[in-house]
Amino acid sequence: MVYFFNTSIESFNFTKHGTLMQTNNPSREYLLDYSRDEMKKYIQDMDMAPYRLEQLMKGIYVQKLSDFSGLTTLSKSLRDTLNKNVTLRTFKELKTIKSDNDGTTKFLWSLHDGLKIESVIIYEGTRVTFCISSQVGCALDCQFCATGKMGFLRNLSSGEIVEQVILMMINADKPATNIVYMGMGEPLLNLKNVIKAGEILSDPEGLAFSRKKITISTSGIAPAVRKLADMNTPFSLAISLNAVFEKKRRILMPVSKSYPLDLLLENIRYYTSKTGKRVTFEYILIDGLNDSKKDADQLIKLTAKIPCKINLIPCNSNDPNYPPTPNERAKWFADYLHQRGRTSTVRLRKGWEIQAACGQLYAKNEKTIGRKISESSKLITHV
Ligand code: SF4
(Lines give C-alpha, C1' and ligand atoms only; values in the text may rest on other atoms or scores of the structure.)
Protein backbone atom coordinates (compact mmCIF):
# COMPACT_ATOMS: atom_id res chain seq x y z
CA MET A 1 0.00 0.00 0.00
CA VAL A 2 2.92 2.38 -0.31
CA TYR A 3 2.38 2.86 -3.99
CA PHE A 4 1.07 6.38 -3.60
CA PHE A 5 4.13 7.55 -1.73
CA ASN A 6 6.60 6.90 -4.52
CA THR A 7 4.72 8.88 -7.08
CA SER A 8 4.58 12.58 -7.84
CA ILE A 9 1.20 14.27 -7.63
CA GLU A 10 1.10 14.94 -11.39
CA SER A 11 1.53 11.29 -12.11
CA PHE A 12 -1.65 10.39 -10.30
CA ASN A 13 -3.45 10.83 -13.59
CA PHE A 14 -4.47 7.23 -13.94
CA THR A 15 -5.57 7.78 -17.52
CA LYS A 16 -2.01 7.81 -18.81
CA HIS A 17 -1.89 4.10 -19.25
CA GLY A 18 -5.53 3.29 -18.96
CA THR A 19 -7.77 2.19 -21.74
CA LEU A 20 -10.11 5.11 -21.18
CA MET A 21 -7.87 7.97 -22.24
CA GLN A 22 -9.31 11.47 -22.23
CA THR A 23 -9.99 12.55 -25.80
CA ASN A 24 -11.85 15.78 -25.58
CA ASN A 25 -14.22 16.16 -28.42
CA PRO A 26 -11.89 14.64 -30.97
CA SER A 27 -13.28 16.46 -33.99
CA ARG A 28 -13.28 20.11 -32.81
CA GLU A 29 -11.37 22.30 -30.33
CA TYR A 30 -13.13 22.48 -26.97
CA LEU A 31 -12.79 26.14 -26.02
CA LEU A 32 -13.90 25.63 -22.41
CA ASP A 33 -10.61 23.81 -21.89
CA TYR A 34 -8.75 27.02 -22.69
CA SER A 35 -7.46 29.52 -20.17
CA ARG A 36 -7.64 33.14 -21.26
CA ASP A 37 -3.99 33.02 -22.37
CA GLU A 38 -4.62 29.90 -24.42
CA MET A 39 -7.66 31.51 -25.98
CA LYS A 40 -5.51 34.54 -26.84
CA LYS A 41 -3.06 32.26 -28.59
CA TYR A 42 -5.88 30.52 -30.42
CA ILE A 43 -7.12 33.89 -31.66
CA GLN A 44 -3.63 34.77 -32.90
CA ASP A 45 -3.31 31.41 -34.62
CA MET A 46 -6.64 31.99 -36.32
CA ASP A 47 -5.43 35.42 -37.52
CA MET A 48 -8.19 37.13 -35.61
CA ALA A 49 -7.78 40.67 -34.23
CA PRO A 50 -6.79 40.81 -30.51
CA TYR A 51 -10.03 42.58 -29.55
CA ARG A 52 -11.90 39.41 -30.50
CA LEU A 53 -10.71 37.86 -27.22
CA GLU A 54 -13.03 40.03 -25.17
CA GLN A 55 -15.92 39.30 -27.53
CA LEU A 56 -15.36 35.57 -27.31
CA MET A 57 -15.01 35.61 -23.51
CA LYS A 58 -18.25 37.56 -23.26
CA GLY A 59 -20.09 35.22 -25.61
CA ILE A 60 -18.85 32.08 -23.86
CA TYR A 61 -19.02 33.08 -20.20
CA VAL A 62 -21.34 36.07 -19.89
CA GLN A 63 -23.93 35.20 -22.55
CA LYS A 64 -23.23 31.48 -21.99
CA LEU A 65 -23.79 30.70 -25.65
CA SER A 66 -23.81 27.09 -26.72
CA ASP A 67 -22.32 28.02 -30.10
CA PHE A 68 -21.28 31.19 -31.89
CA SER A 69 -24.41 31.69 -33.99
CA GLY A 70 -25.76 34.15 -31.43
CA LEU A 71 -22.55 36.16 -31.09
CA THR A 72 -23.61 38.94 -33.38
CA THR A 73 -20.60 41.13 -32.63
CA LEU A 74 -18.77 38.76 -34.99
CA SER A 75 -19.25 38.68 -38.74
CA LYS A 76 -21.36 35.86 -40.13
CA SER A 77 -18.34 34.27 -41.84
CA LEU A 78 -16.29 34.35 -38.60
CA ARG A 79 -19.19 32.79 -36.68
CA ASP A 80 -19.43 30.05 -39.28
CA THR A 81 -15.69 29.41 -39.14
CA LEU A 82 -15.73 29.20 -35.36
CA ASN A 83 -18.75 26.91 -35.35
CA LYS A 84 -16.93 24.64 -37.79
CA ASN A 85 -13.69 24.50 -35.81
CA VAL A 86 -14.60 24.74 -32.14
CA THR A 87 -17.27 23.60 -29.74
CA LEU A 88 -18.58 25.08 -26.51
CA ARG A 89 -20.63 22.09 -25.38
CA THR A 90 -19.83 18.42 -25.10
CA PHE A 91 -22.50 17.34 -22.59
CA LYS A 92 -25.92 15.84 -23.13
CA GLU A 93 -28.36 16.34 -20.28
CA LEU A 94 -29.61 12.83 -19.55
CA LYS A 95 -31.64 13.44 -16.43
CA THR A 96 -32.54 16.37 -14.20
CA ILE A 97 -34.33 15.72 -10.94
CA LYS A 98 -35.52 18.45 -8.63
CA SER A 99 -36.55 17.86 -5.03
CA ASP A 100 -40.04 19.10 -4.17
CA ASN A 101 -38.88 19.46 -0.56
CA ASP A 102 -35.89 21.77 -0.82
CA GLY A 103 -35.25 22.48 -4.52
CA THR A 104 -32.04 20.43 -4.60
CA THR A 105 -31.45 19.72 -8.27
CA LYS A 106 -29.39 16.87 -9.57
CA PHE A 107 -28.09 16.51 -13.11
CA LEU A 108 -26.84 13.41 -14.87
CA TRP A 109 -24.73 14.34 -17.90
CA SER A 110 -23.45 12.17 -20.70
CA LEU A 111 -19.95 13.17 -21.83
CA HIS A 112 -18.62 13.11 -25.39
CA ASP A 113 -17.39 9.54 -24.95
CA GLY A 114 -20.66 8.32 -23.46
CA LEU A 115 -19.42 8.22 -19.85
CA LYS A 116 -21.63 9.86 -17.26
CA ILE A 117 -21.16 12.27 -14.38
CA GLU A 118 -23.36 14.09 -11.91
CA SER A 119 -23.60 17.63 -10.59
CA VAL A 120 -25.92 19.01 -7.91
CA ILE A 121 -27.36 22.39 -6.97
CA ILE A 122 -28.14 22.77 -3.26
CA TYR A 123 -30.24 25.66 -1.95
CA GLU A 124 -29.84 26.55 1.74
CA GLY A 125 -31.30 29.94 2.64
CA THR A 126 -29.20 32.53 0.83
CA ARG A 127 -26.52 29.99 0.03
CA VAL A 128 -26.59 28.31 -3.39
CA THR A 129 -23.95 25.63 -3.75
CA PHE A 130 -22.90 24.03 -7.00
CA CYS A 131 -21.44 20.63 -6.25
CA ILE A 132 -19.30 19.51 -9.17
CA SER A 133 -17.47 16.37 -10.24
CA SER A 134 -13.75 16.17 -11.00
CA GLN A 135 -13.52 12.59 -12.25
CA VAL A 136 -15.75 9.97 -13.81
CA GLY A 137 -16.11 7.61 -10.89
CA CYS A 138 -13.50 7.35 -8.17
CA ALA A 139 -10.84 4.80 -7.23
CA LEU A 140 -10.85 5.53 -3.52
CA ASP A 141 -13.69 3.26 -2.53
CA CYS A 142 -15.03 5.09 0.53
CA GLN A 143 -17.50 2.59 1.91
CA PHE A 144 -20.48 4.93 2.30
CA CYS A 145 -20.17 6.39 -1.21
CA ALA A 146 -21.99 5.27 -4.34
CA THR A 147 -19.29 6.76 -6.58
CA GLY A 148 -16.67 4.71 -4.76
CA LYS A 149 -18.53 1.57 -5.81
CA MET A 150 -18.19 2.55 -9.48
CA GLY A 151 -14.44 2.66 -9.41
CA PHE A 152 -12.37 5.10 -11.46
CA LEU A 153 -12.98 5.59 -15.18
CA ARG A 154 -11.15 8.78 -16.10
CA ASN A 155 -10.30 12.34 -15.13
CA LEU A 156 -12.45 15.21 -16.33
CA SER A 157 -10.74 17.89 -18.38
CA SER A 158 -10.80 21.44 -17.06
CA GLY A 159 -13.41 22.29 -19.71
CA GLU A 160 -15.66 19.48 -18.56
CA ILE A 161 -15.47 20.86 -15.02
CA VAL A 162 -16.28 24.35 -16.30
CA GLU A 163 -19.13 23.09 -18.50
CA GLN A 164 -20.90 21.65 -15.45
CA VAL A 165 -20.87 25.09 -13.84
CA ILE A 166 -22.06 26.93 -16.95
CA LEU A 167 -24.94 24.52 -17.47
CA MET A 168 -25.94 24.72 -13.81
CA MET A 169 -25.82 28.53 -13.97
CA ILE A 170 -28.24 28.38 -16.89
CA ASN A 171 -30.54 26.02 -14.96
CA ALA A 172 -30.33 27.38 -11.41
CA ASP A 173 -33.14 29.38 -9.79
CA LYS A 174 -30.60 31.72 -8.16
CA PRO A 175 -26.93 32.60 -8.80
CA ALA A 176 -24.35 30.33 -7.21
CA THR A 177 -22.68 31.57 -4.04
CA ASN A 178 -20.32 28.59 -3.66
CA ILE A 179 -18.73 25.97 -5.86
CA VAL A 180 -17.50 22.81 -4.19
CA TYR A 181 -15.57 19.90 -5.65
CA MET A 182 -17.67 17.40 -3.73
CA GLY A 183 -19.27 15.52 -6.59
CA MET A 184 -17.82 12.43 -8.19
CA GLY A 185 -14.09 11.85 -7.86
CA GLU A 186 -11.11 12.87 -5.78
CA PRO A 187 -10.11 16.37 -6.98
CA LEU A 188 -6.53 16.10 -5.74
CA LEU A 189 -5.98 13.13 -8.04
CA ASN A 190 -6.84 15.43 -10.94
CA LEU A 191 -5.08 18.44 -9.51
CA LYS A 192 -3.88 20.11 -12.69
CA ASN A 193 -7.31 20.21 -14.34
CA VAL A 194 -9.06 21.10 -11.08
CA ILE A 195 -6.80 24.12 -10.53
CA LYS A 196 -7.04 25.19 -14.16
CA ALA A 197 -10.84 24.96 -14.06
CA GLY A 198 -10.84 27.06 -10.87
CA GLU A 199 -8.77 29.70 -12.65
CA ILE A 200 -11.14 29.71 -15.64
CA LEU A 201 -14.20 29.94 -13.37
CA SER A 202 -12.71 32.90 -11.52
CA ASP A 203 -11.31 34.77 -14.52
CA PRO A 204 -12.48 38.37 -14.09
CA GLU A 205 -13.27 38.61 -17.81
CA GLY A 206 -15.26 35.39 -17.71
CA LEU A 207 -17.53 34.03 -14.99
CA ALA A 208 -15.61 36.05 -12.37
CA PHE A 209 -16.49 33.65 -9.57
CA SER A 210 -14.84 34.45 -6.23
CA ARG A 211 -11.77 32.21 -5.78
CA LYS A 212 -12.37 31.96 -2.04
CA LYS A 213 -15.83 30.57 -2.72
CA ILE A 214 -14.42 27.67 -4.71
CA THR A 215 -13.65 24.77 -2.36
CA ILE A 216 -11.51 21.79 -3.23
CA SER A 217 -12.48 18.87 -1.06
CA THR A 218 -10.21 15.90 -0.53
CA SER A 219 -10.60 12.52 1.09
CA GLY A 220 -7.04 12.90 2.34
CA ILE A 221 -4.40 12.82 -0.42
CA ALA A 222 -1.78 14.09 2.03
CA PRO A 223 1.08 14.97 -0.37
CA ALA A 224 -1.30 16.94 -2.57
CA VAL A 225 -2.41 18.96 0.46
CA ARG A 226 1.24 19.91 1.00
CA LYS A 227 1.58 20.70 -2.67
CA LEU A 228 -1.48 22.97 -2.55
CA ALA A 229 0.14 24.83 0.34
CA ASP A 230 3.34 25.31 -1.66
CA MET A 231 1.39 26.44 -4.73
CA ASN A 232 -0.48 28.89 -2.53
CA THR A 233 -3.64 28.47 -4.57
CA PRO A 234 -6.37 30.99 -3.80
CA PHE A 235 -9.06 28.35 -3.42
CA SER A 236 -10.45 26.99 -0.16
CA LEU A 237 -9.68 23.51 1.12
CA ALA A 238 -11.97 20.98 2.79
CA ILE A 239 -10.96 17.59 4.13
CA SER A 240 -13.45 14.77 4.34
CA LEU A 241 -12.42 13.26 7.67
CA ASN A 242 -15.36 11.05 8.74
CA ALA A 243 -13.41 8.91 11.19
CA VAL A 244 -10.90 9.98 13.81
CA PHE A 245 -9.40 6.62 14.71
CA GLU A 246 -6.98 5.17 12.20
CA LYS A 247 -8.36 1.64 12.31
CA LYS A 248 -11.89 2.80 11.70
CA ARG A 249 -10.85 5.27 9.02
CA ARG A 250 -8.98 2.60 7.10
CA ILE A 251 -12.16 0.56 6.90
CA LEU A 252 -14.40 3.49 6.06
CA MET A 253 -11.94 5.28 3.76
CA PRO A 254 -9.26 2.95 2.40
CA VAL A 255 -7.22 5.98 1.28
CA SER A 256 -6.08 6.12 4.92
CA LYS A 257 -4.02 2.96 4.33
CA SER A 258 -1.88 4.99 1.94
CA TYR A 259 -2.07 8.29 3.79
CA PRO A 260 -2.63 7.69 7.49
CA LEU A 261 -4.32 10.30 9.65
CA ASP A 262 -1.03 11.37 11.28
CA LEU A 263 0.51 12.25 7.95
CA LEU A 264 -2.65 13.90 6.71
CA LEU A 265 -2.97 16.09 9.80
CA GLU A 266 0.71 17.00 9.68
CA ASN A 267 0.26 18.21 6.09
CA ILE A 268 -2.93 20.06 6.97
CA ARG A 269 -1.05 21.89 9.74
CA TYR A 270 1.63 22.70 7.17
CA TYR A 271 -1.09 24.00 4.84
CA THR A 272 -2.73 26.26 7.43
CA SER A 273 0.53 27.68 8.71
CA LYS A 274 1.94 28.27 5.22
CA THR A 275 -1.20 29.80 3.70
CA GLY A 276 -2.67 31.46 6.79
CA LYS A 277 -6.04 30.02 5.76
CA ARG A 278 -8.36 27.87 7.78
CA VAL A 279 -9.65 24.56 6.45
CA THR A 280 -13.01 22.88 6.69
CA PHE A 281 -13.32 19.36 8.04
CA GLU A 282 -16.29 17.50 6.63
CA TYR A 283 -17.52 14.82 9.02
CA ILE A 284 -20.28 12.51 7.86
CA LEU A 285 -22.25 11.34 10.89
CA ILE A 286 -23.12 7.65 10.74
CA ASP A 287 -25.44 6.31 13.40
CA GLY A 288 -23.51 4.32 16.03
CA LEU A 289 -20.31 4.28 13.97
CA ASN A 290 -18.57 7.63 14.46
CA ASP A 291 -20.93 9.72 16.59
CA SER A 292 -20.01 8.74 20.16
CA LYS A 293 -18.54 10.97 22.88
CA LYS A 294 -15.24 9.16 22.34
CA ASP A 295 -15.33 10.13 18.64
CA ALA A 296 -16.16 13.72 19.51
CA ASP A 297 -13.30 13.89 22.04
CA GLN A 298 -10.85 12.52 19.50
CA LEU A 299 -12.08 14.95 16.85
CA ILE A 300 -11.44 17.80 19.26
CA LYS A 301 -7.98 16.44 20.00
CA LEU A 302 -7.01 16.00 16.35
CA THR A 303 -8.17 19.43 15.29
CA ALA A 304 -6.42 21.25 18.13
CA LYS A 305 -4.08 23.92 16.77
CA ILE A 306 -5.63 23.71 13.30
CA PRO A 307 -7.61 26.81 12.30
CA CYS A 308 -10.74 25.13 11.05
CA LYS A 309 -14.47 24.75 11.05
CA ILE A 310 -16.22 21.41 11.16
CA ASN A 311 -19.21 20.58 9.00
CA LEU A 312 -21.27 17.72 10.37
CA ILE A 313 -23.35 15.99 7.73
CA PRO A 314 -25.81 13.22 8.62
CA CYS A 315 -24.90 10.41 6.23
CA ASN A 316 -26.79 10.40 2.94
CA SER A 317 -25.74 6.94 1.76
CA ASN A 318 -28.08 4.56 -0.01
CA ASP A 319 -26.28 1.72 1.75
CA PRO A 320 -28.32 0.60 4.81
CA ASN A 321 -25.07 -0.22 6.61
CA TYR A 322 -24.43 3.52 6.92
CA PRO A 323 -27.58 5.07 8.43
CA PRO A 324 -27.57 8.77 9.30
CA THR A 325 -27.13 9.86 12.90
CA PRO A 326 -30.56 11.02 14.11
CA ASN A 327 -31.01 14.80 14.19
CA GLU A 328 -31.05 15.05 17.98
CA ARG A 329 -27.77 13.18 18.30
CA ALA A 330 -26.21 15.25 15.52
CA LYS A 331 -27.21 18.40 17.39
CA TRP A 332 -25.70 17.01 20.59
CA PHE A 333 -22.46 16.23 18.72
CA ALA A 334 -22.30 19.76 17.30
CA ASP A 335 -23.01 21.34 20.70
CA TYR A 336 -20.37 19.17 22.34
CA LEU A 337 -17.77 20.37 19.82
CA HIS A 338 -18.96 23.92 20.12
CA GLN A 339 -18.68 23.94 23.92
CA ARG A 340 -15.07 22.84 23.54
CA GLY A 341 -14.11 25.65 21.22
CA ARG A 342 -14.76 24.17 17.79
CA THR A 343 -16.80 25.98 15.16
CA SER A 344 -19.21 23.40 13.89
CA THR A 345 -22.40 23.34 11.90
CA VAL A 346 -24.81 20.55 11.13
CA ARG A 347 -25.68 20.48 7.47
CA LEU A 348 -29.19 19.28 6.88
CA ARG A 349 -29.61 16.31 4.62
CA LYS A 350 -30.51 17.73 1.26
CA GLY A 351 -32.13 16.00 -1.68
CA TRP A 352 -32.03 12.56 -0.07
CA GLU A 353 -35.22 11.54 -1.88
CA ILE A 354 -33.64 12.28 -5.29
CA GLN A 355 -30.38 10.39 -4.62
CA ALA A 356 -28.50 13.67 -4.36
CA ALA A 357 -25.39 12.27 -2.72
CA CYS A 358 -22.46 11.74 -5.00
CA GLY A 359 -22.83 8.83 -7.43
CA GLN A 360 -26.30 7.74 -6.39
CA LEU A 361 -28.10 8.83 -9.53
CA TYR A 362 -25.36 7.34 -11.68
CA ALA A 363 -25.54 4.07 -9.77
CA LYS A 364 -29.26 3.93 -10.42
CA ASN A 365 -28.76 4.36 -14.14
CA GLU A 366 -25.47 2.71 -14.94
CA LYS A 367 -23.58 -0.42 -14.08
CA THR A 368 -20.11 0.38 -15.48
CA ILE A 369 -17.40 -0.52 -12.99
CA GLY A 370 -13.97 1.12 -13.10
CA ARG A 371 -10.80 0.61 -11.12
CA LYS A 372 -10.64 0.80 -7.34
CA ILE A 373 -7.89 1.53 -4.86
CA SER A 374 -7.60 -2.20 -4.13
CA GLU A 375 -6.44 -2.62 -7.73
CA SER A 376 -4.42 0.56 -7.76
CA SER A 377 -1.08 -1.07 -7.05
CA LYS A 378 -1.21 -2.15 -10.69
CA LEU A 379 -2.25 1.31 -11.81
CA ILE A 380 0.21 3.28 -9.75
CA THR A 381 3.26 1.22 -10.53
CA HIS A 382 2.56 2.02 -14.18
CA VAL A 383 2.49 5.79 -13.81
S1 SF4 B 1 -16.38 10.02 -1.05
FE2 SF4 B 1 -15.23 11.10 -2.64
S3 SF4 B 1 -13.17 10.21 -2.47
FE4 SF4 B 1 -14.53 8.79 -1.43
S5 SF4 B 1 -15.12 7.29 -3.01
FE6 SF4 B 1 -16.68 8.91 -3.00
S7 SF4 B 1 -16.01 10.32 -4.56
FE8 SF4 B 1 -14.25 9.07 -4.05
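Just above, that's the structure.
Small disclaimer: the values here were computed from a predicted structure and weren't measured. (Residues numbered from 1 in each chain as written. Predicted model: local features only at pLDDT ≥ 70, side-chain atom pairs only at ≥ 80, totals over all residues.)

S.K.: Mind showing me how you'd approach the environment of Ser158 here?
M.R.: With respect to the secondary-structure elements, Ser158 resides in helix H5 (residues 158–171). Residue Ser158 is classed as buried on the basis of its 26 C-beta neighbours within 10 Å. Distance in space between the C-alpha atoms of Ser158 and Ile200 is 8.4 Å, their sequence separation being 42 residues. Setting aside chain neighbours within four positions, we find Ser158 in contact with Asp33, Asn193, Lys196, Ala197 and Ile200. (Helix = DSSP H or I, 4+ residues; strand = E, 2+ residues; numbered from the N terminus. Buried ≥ 20, exposed ≤ 12 C-beta atoms within 10 Å, placed from the backbone. Contact = placed C-beta atoms within 7 Å.)

S.K.: Would you take a moment to explain the environment of Asp230 for this structure?
M.R.: Inspection of the secondary structure assignment puts Asp230 in helix H7 (residues 222–231). For Asp230 and Tyr271, which are 41 residues apart along the polypeptide, the C-alpha to C-alpha distance reads 8.0 Å.

S.K.: Would you mind showing me how to read the sheet that holds strand S6 (residues 127–131) here?
M.R.: What holds strands together in a sheet is hydrogen bonding between their backbones, with the strands either parallel or antiparallel. Spatially, the ten strands line up as an open sheet ordered S3-S4-S5-S6-S9-S10-S11-S12-S13-S14, and their pairing is mixed. The strands lining the two open edges of the sheet, one partner per strand, are strand S3 (92–98) and strand S14 (343–346). Across the sheet, the axes of successive neighbouring strands diverge by a mean angle of 20°, strand direction being ignored. Where strand S5 (residues 116–124) and S6 come together, five bridges link them in antiparallel fashion. Its bridge partner lying in S6, Ile121 is registered against Phe130. Of the strands in this sheet, strand S12 (279–285), strand S13 (308–314) and S14 touch helix H12 (residues 327–339), which is tilted by about 170° from S14. (Pairing = 2+ DSSP bridges. Axes fitted to C-alpha atoms, helices over the stretch in contact; angles between N-to-C directions.)

S.K.: So what exactly am I meant to see when it comes to helix H6 (residues 191–201) here?
M.R.: The α-helix advances 3.6 residues per turn, and as a result positions three or four apart in sequence lie on the same side. Here H6 lies mainly inside the structure; eight of its eleven residues are buried. The complete set of buried residues in H6 reads Leu191, Asn193, Val194, Ala197, Gly198, Glu199, Ile200 and Leu201.

S.K.: I keep staring at the site of the ligand and nothing clicks. Help me out?
M.R.: Surveying the vicinity of the ligand reveals twelve residues, the closest of which are Cys138, Cys142, Cys145, Gly148 and Ser219. Split by residue class, the shell around the ligand holds six nonpolar, four polar and two charged. (Near = placed C-beta within 6 Å. Nonpolar A, V, L, I, M, F, W, Y, C, P; charged D, E, K, R; others polar.)

S.K.: Is there a simple way to think about the nonpolar core in this case?
M.R.: Where a protein is soluble and globular, its nonpolar side chains tend to be buried together. Formed by 93 residues in total, the largest nonpolar core has its most connected members in Leu201, Tyr283 and Leu285. When we break this core down by domain, the ones giving at least three residues each are domain 1 (29–87) and domain 2 (90–382). In this structure Leu285 touches Asn290, Asp291, Leu312, Ile313, Pro314, Cys315, Pro324, Thr325, Ala330 and Phe333, once residues within four positions along its chain are discounted. (Core = buried A, V, L, I, M, F, W, Y, C linked by C-beta atoms within 7 Å. Domains from an automatic or database assignment.)

S.K.: How should the pairing of S14 be read in this particular structure?
M.R.: On a regular strand, one side chain projects to one face of the sheet and the next to the other, so that they alternate. In the sheet, S13 pairs with S14 via four bridges, with the strands oriented parallel. Bridge pairing in S14 links Lys309 to Thr343.

Nothing here speaks to function; it is all geometry.
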